[in-house]
There are 4 protein chains.
Amino acid sequence: MRTLEGVIAPVPTPFNENGDLLLEKLQENINRLFTAGVHGVVLLGSNGEYVYLSEEEKRDVIRAGMEAVPKGKLGLAGCGCESTRETLRLIDYAYRCDAAAAMIVNPYYYKPSMTPNALLEHYRHLANFSPIPIMLYSVPKFTGLEIPAPVVAELSRHENVAGIKDSSGNVVALHELLLKCRPDFGILVGTGSALYAAMAVGIKGGVMALANVAPRETVRLWELCRDGHWEQARRLQARLLPVNTAVTVTYNIPGLKAAMDMIGSYGGPPRRPMLPPTQEEKTALRRILFEAELVL
Amino acid sequence: MRTLEGVIAPVPTPFNENGDLLLEKLQENINRLFTAGVHGVVLLGSNGEYVYLSEEEKRDVIRAGMEAVPKGKLGLAGCGCESTRETLRLIDYAYRCDAAAAMIVNPYYYKPSMTPNALLEHYRHLANFSPIPIMLYSVPKFTGLEIPAPVVAELSRHENVAGIKDSSGNVVALHELLLKCRPDFGILVGTGSALYAAMAVGIKGGVMALANVAPRETVRLWELCRDGHWEQARRLQARLLPVNTAVTVTYNIPGLKAAMDMIGSYGGPPRRPMLPPTQEEKTALRRILFEAELVL
Amino acid sequence: MRTLEGVIAPVPTPFNENGDLLLEKLQENINRLFTAGVHGVVLLGSNGEYVYLSEEEKRDVIRAGMEAVPKGKLGLAGCGCESTRETLRLIDYAYRCDAAAAMIVNPYYYKPSMTPNALLEHYRHLANFSPIPIMLYSVPKFTGLEIPAPVVAELSRHENVAGIKDSSGNVVALHELLLKCRPDFGILVGTGSALYAAMAVGIKGGVMALANVAPRETVRLWELCRDGHWEQARRLQARLLPVNTAVTVTYNIPGLKAAMDMIGSYGGPPRRPMLPPTQEEKTALRRILFEAELVL
Amino acid sequence: MRTLEGVIAPVPTPFNENGDLLLEKLQENINRLFTAGVHGVVLLGSNGEYVYLSEEEKRDVIRAGMEAVPKGKLGLAGCGCESTRETLRLIDYAYRCDAAAAMIVNPYYYKPSMTPNALLEHYRHLANFSPIPIMLYSVPKFTGLEIPAPVVAELSRHENVAGIKDSSGNVVALHELLLKCRPDFGILVGTGSALYAAMAVGIKGGVMALANVAPRETVRLWELCRDGHWEQARRLQARLLPVNTAVTVTYNIPGLKAAMDMIGSYGGPPRRPMLPPTQEEKTALRRILFEAELVL
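We now turn to the structure provided with this report.

What counts and what doesn't
- Residues numbered from 1 in each chain as written.
- Chains lettered and ligands numbered in written order.
- Predicted model: local features only at pLDDT ≥ 70, side-chain atom pairs only at ≥ 80, totals over all residues.
- Heavy atoms only, no water.
- 1 Å grid on protein atoms, 1.4 Å probe; cavity = no way out; pocket = protein on both sides within 12 Å on 5 of 7 lines; lining within 4 Å.
- Points joined across faces, edges and corners; volume = space filled by probe spheres on them.
- Helix = DSSP H or I, 4+ residues; strand = E, 2+ residues; numbered from the N terminus.
- Nonpolar A, V, L, I, M, F, W, Y, C, P; charged D, E, K, R; others polar.
- Pairing = 2+ DSSP bridges.
- Axes fitted to C-alpha atoms, helices over the stretch in contact; angles between N-to-C directions.
- Contact = heavy atoms within 4.5 Å.
- Least-squares fit on C-alpha atoms with pLDDT ≥ 70 in both.
- Buried area = accessible area lost by both parts, 1.4 Å probe.
- Salt bridge = Lys/Arg side-chain N within 4 Å of Asp/Glu carboxyl O.
- Polar contact = N/O pair within 3.5 Å; in protein donor to acceptor, adjacent residues only side chain to side chain.
- Buried < 20%, exposed > 50% of the residue type's maximum accessible area, 1.4 Å probe, protein only.
- Phe/Tyr/Trp six-rings, centres within 6.5 Å; stacked < 30°, edge-to-face > 60°.
- Core = buried A, V, L, I, M, F, W, Y, C linked by side-chain atoms within 4.5 Å.

In this section: the layout of surface pockets. When its volume is computed, the largest pocket comes out at roughly 980 Å³. In this structure, the largest pocket is lined by 40 residues; those nearest its centre are Asn170(B), Val172(B), Ser168(C), Gly169(C) and Val249(C). When residues of the lining of the largest pocket are traced back to their parent elements, those giving at least two are helix H6 (149-155), strand E6 (161-166) and helix H7 (171-180) of chain B together with helix H5 (140-143), helix H11 (230-250) and helix H12 (252-263) of chain C. A breakdown of the residues in the lining of the largest pocket according to their chemical character gives 17 nonpolar, 17 polar and six charged.

Take a look at the structure:
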């Protein structure tokens, strides 16, 4: 199993104005990212609007996206569905497309039923039957549910569980998790604002929307941290903080896509019911990119 | 458009031990419900584990379920998906199966983007293009998001929006909503514990899991309220409260299905990752049904 | 022990522009309330800004307020402090001022330590040592903590616990509580919006900010419910809903006080850090009172 | 104004078994802390059970505590009350006892009224009239309310606002705050689990319960961070994480006090309604201290 580390971009899914898939744009974006130095991509993460795609479209994105991942680079596919059986089916497809691992968001709709035990059984079943490693995915701001730390620690003992993307942004929790999981368990921070602090506590990489908008800078930040240049790293992190906040909190995915348009990638509109940013919001967003020296 | 009122059962989706659909059991359960006097059924609500079904399975359930709905009775189909386009596609299928209306849960994954305006545009688009009336569905305990009252009031002006199922259990909010919506807007309470109090404030019916376990009693409660026999109604509601709590809060959907098995319907197991109740839980559940005089 | 029932007004604490206590205004307000027919008053509830008063001021309010309560009417004193010993001390003072009972908000600052067991021991200790009956007070919108129903049920077995003011507004929870507590336990609804529905499920009264602004109407609503005139009661409740929302949710305590000024009682400014309503807010508030026929 | 930095211990308030204040024990504990090298103490923080004390007792603690603070060391006093006027009165007393600054928790009871504007006006009024600098205190786990970052940034422009204790444990938020506040604004992390990561992003110190149980180790951790020995610091932080979790999350203040008893300080019982740890909890706690090499 490949170690999960480095800068991994959770790529958005490009649509045209009618909301139809643009698979070539997806591949072009992926090419640009790898050219800029990122170490991997995740297809069909939250930034990929995976909940807005039909099953067939999910397959199209996985197939087209994986084709664009160069040999030796990490190509991960978001395969989490609410039911265990649907998830396994999508994992199987990802395996046939040569995904390095399947990222599995925890089921969350029936919150009161998603006890630690139910989550353990779900993930164990997937890990037992998946032909590729699985990566846990905890993103409480969307799911309203966290994978509890003891569940993660327990699952880290399973050889087919490669790691976790933790999007809580809680650096202390990442530090504690690191001490509880098996040594080579791939703990990835899920937000670009926390990359520096997460690496300071020993985390080895992240899956970060920011990498879609500032791939070179994010990779540079990762390298500075890896090499222990903490002072320079901290300054670069500070420069990128407002950008990350803009594309993940203030303007969300519609803002992330608009920012990609501004830097010369293809962002395009989000799918409905998400609304594109207003003109004022775009102006504010462009200013933030300008101040971070990402656009002229 | 048919007025939305009366006792409507959100029917569970029956699976065998392997998790495969049992469409005949679904039809038998629906038959039993109508024989017992319920006024309508909802397919693919939260109790129908709709998030666990593939698109194809959802169609199978709608088709088979609608076949079992007698002429003149209400057959509603849960068609809410995260994306506007997926939702419309499922609505179209429900229309072809003669659903009286499509129940549409609000999109909820991208919570910060689901502003009142985004929800308004989503529902308006659906209402404009749907060949059948739509019914809003707000169930914050699962979605973590409420359809704001002003959005509901605004949508109640649209002639193709038939009503709302509000599962918050907040009786005062139902009373306030009643005063803000158009007079014939079908406001339905979404939990059997609140039927009596909801009807006391002027609500005309409910979509209630309880109706799957105690259909005759729930219809009787509805009739007592309709006819102003408040004292009797209150006593019957009190008798049913522990049952409702058991099948919606304490033991959730797995408990609802187990209770259906106990009363002679087909409940069967939930789909994974939901876990069936333990033997102890079943014993406690049976005792609750016994004390409410629903089993011997 | 007097049965807790009827319309009880949680009286605000009047201040002048400098924030000093105006005890005479308090007494005049109380006189007006009893003249209008309310059955009781609570001093130092949340509407009484009790957290803004020094210990000495609390005593002044209890003494002056109780003096204004006519013989045979209910005069309750909010005595809840974070610590058990401080609470007991204030209860003793309330006893000496002839308070009929002491209202005790649950301690809430150290939320994780306020386990059901800790709350049980706290209230039991108070009930054992208090010379007057105590009334529980659960107001999660301010405290962030609810007194769990099993704790309330358990405490209702104690002969010196007279009842509870439940400000959650959850009518179904009130109904369930009613079935779990001893028959003469005084369960009071804590918000005027829910009075009608609460009485429909069997509750006997309420402690309601609304009673400060519309005392006659609130008493009339209570009487209509008591006498089973549900149709008239529902219409009156509907008329009062916007007023209650205004003085408890939209404009809070500053709005409640402003509304009291408008109807001819003394409201005055809230204490800092609470800010008085703006001129626009006052205009909107007056319009709501006008539409409910409470001002000309 | 003294710069707020270094290791500051929020000292518990010692009680005997009857719950009476033990001021000598407080002074002995403070002596031990300064002997162990801490840079300052806070009296009447959350760990000081300040909400359980009468006004007179608060004064006693401030007076006795400040007497024990050596010249040139930081002695801070928690003076936050719900009302602006009560807070000012306690600040005045702290000033007369030579407190270096007054720590002011944000008012939180009337959450909906505590708008950014209300908080700004409250703190500005205090800063304008306080004879000593004030330090903001945000502790959402107890108050249910955060001082919003823009409010903190705005207040950092006031020359009599010395800094903030932020107990959210959100390291990214601390990093962002650092970039928005005036350069010498004293931002202190409020939990020992985050000291290392907070200092990695540029924070200069903390107010940490941990310092009461492991003063030398906490100071050592601070020095390692200050001197850029990140690798050693990270290992020491890892060793202290379980202790911090135990005395702040798992066993809370009763656990903190029990741990102080175990290391030879005076902890004693918490005041009611908080309950002391059970024998099993104490055994588990001692084991955690033992594994961190804090007891034999």
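Let us look at the sheet that holds strand E4 (residues 101-105) of chain C. Residues and elements named next belong to chain C. With respect to topology, eight strands assemble into a closed barrel ordered E1-E2-E3-E4-E5-E6-E7-E8, the strand pairing being parallel. On average, each strand axis in the sheet is inclined to that of its neighbour by 25°, with strand direction left out of account. For E4 and strand E5 (residues 134-138), the ladder comprises four bridges, and the chain directions are parallel. From the neighbouring strand, isoleucine 104 faces E5, where its bridge partner is leucine 136. Lying on the sheet, helix H7 (residues 171-180) is in contact with strand E6 (161-166) and strand E7 (186-189); it crosses E7 at an angle near 175°.

The operation relating the two chain copies consists of a rotation about an axis and a shift along that axis. Overlaying chain C on chain B yields an RMSD of 0.0 Å, the required transformation being a rotation through 180° with an accompanying axial translation of 0.0 Å. Taken together, the turn and the small shift mark the pair as related by a two-fold rotation axis. The residues that chain C uses at the interface reappear at the interface of chain B in 100% of cases, marking a shared surface.

Here the focus is the sheet that holds strand E7 (residues 186-189) of chain B. Residue and element names in this part refer to chain B. Strand order around the closed barrel formed by eight strands is E1-E2-E3-E4-E5-E6-E7-E8, with parallel pairing between neighbours. Along the sheet, successive strands turn relative to each other by an average axial angle of 25°, direction set aside. Relative to E7, E6 runs parallel, the two sharing four bridges. Directly across from lysine 165, in E7, lies its bridge partner leucine 188. The strands that helix H2 (residues 55-67) touches are strand E2 (40-43) and strand E3 (74-78); relative to E2, the one it contacts most, it runs at about 170°. H7 rests against E6 and E7 of the sheet, and its axis sits at about 175° to E7.

Next up on the list: the interface of chain D and chain C. Counting residues at the interface gives 43 residues for chain D and 43 residues for chain C. Looking at the side of chain D facing chain C, the largest losses of area belong to Arg85(D), Tyr109(D) and Tyr110(D), adding up to 24% of the total buried there. Between Arg272(D) and Glu121(C) there is a salt bridge, with its nearest N and O atoms 3.1 Å apart. Our count for the contact surface shared by chain D and chain C stands at 20 residue pairs in polar contact (both at pLDDT 80 or more). Taken together, the elements giving at least two residues each to the side of chain D that touches chain C come down to helix H2 (55-67), helix H3 (84-96), helix H4 (116-129), helix H5 (140-143) and helix H12 (252-263) of chain D.

A separate point is the relation of the copies chain D and chain C. When chain D is brought onto chain C, the operation consists of a screw motion whose angular component is 180° and whose axial shift is 0.0 Å, with 0.0 Å RMSD remaining. Here 100% of the contact residues of chain D are again contact residues in chain C; the copies associate through an equivalent surface.

The subject of this paragraph is the side chain of Glu86(B). Tracing the backbone through its elements, the reader meets Glu86(B) in helix H3 (residues 84-96). Beyond its immediate chain neighbours, meaning those up to four positions away, Glu86(B) contacts Tyr52(A), Leu53(A), Ser54(A), Glu57(A), Glu55(B) and Cys81(B).

On to the pattern of salt bridges. Proximity of charged atoms lets side chains of opposite charge pair with each other. Tallied over the entire structure, the rule returns 65 salt bridges over all chains. For Arg85(A), the salt bridge identified is with Glu57(B), shortest N-O distance 3.7 Å. A residue pair is termed interchain when its members come from two chains, as with Arg85(A) in helix H3 (residues 84-96) and Glu57(B) in helix H2. Residue classification places Arg85(A) among the partly exposed positions, given a relative accessible area of 30%. The exposure class assigned to Glu57(B) is buried, which follows from its relative accessible area of 13%. Where Glu231(C) meets Arg235(C), a salt bridge forms, and the shortest distance between an N and an O atom there is 3.8 Å. Of the two residues, Glu231(C) and Arg235(C) are both situated in helix H11; the distance of four residues between them amounts to about one turn of the helix. Via salt bridges that share partners, Asp20(A), Glu57(A), Arg271(A) and Arg85(B) belong to a single interconnected network.

Here we come to the packing of aromatic side chains. Overall, the coordinates contain 28 aromatic pairs over all chains when judged by the stated rule. Here Tyr109(C) and Tyr50(D) contribute two aromatic rings whose centre-to-centre distance is 5.4 Å and whose plane-to-plane angle is 85°, an arrangement assigned as edge-to-face. Taken together, the residues Tyr109(C) in the loop between E4 and helix H4 (116-129) and Tyr50(D) in the loop between strand E2 (40-43) and H2 connect one chain to another. A ring pair is formed by Tyr109(D) and Tyr110(D), whose centres lie 4.9 Å apart and whose planes are at 85°; its orientation type is edge-to-face. Residue class for Tyr109(D) comes out buried when judged on its relative accessible area of 0%. Pairwise contacts between aromatic rings join Tyr50(A), Tyr52(A), Tyr108(A), Phe142(A), Tyr109(B) and Tyr110(B) into one cluster.

In this chain, Arg272(A) is followed by Pro273(A) through a cis amide linkage whose omega measures 15°. Tracing the backbone shows Pro273(A) in the loop between helix H12 (252-263) and helix H13 (279-291). One non-glycine residue, Leu44(C), lies in positive phi territory at about 60°. You can see Leu44(C) is positioned in the loop between strand E2 (40-43) and helix H2 (55-67). Located in the positive-phi region is Asp98(D), a residue other than glycine, with phi close to 70°. Relative to the elements of secondary structure, Asp98(D) occurs in the loop between H3 and strand E4 (101-105). Given the relative accessible area of 63%, Asp98(D) is considered exposed.

Quick look at the nonpolar core now. Counting 471 residues, the largest nonpolar core has Val213(A), Ile62(C) and Val213(C) as its most contacted members. Setting aside its immediate chain neighbours within four residues, Ile62(C) contacts Leu43(C), Leu44(C), Ala77(C), Cys79(C), Leu90(C), Tyr93(C), Ala94(C) and Cys97(C).

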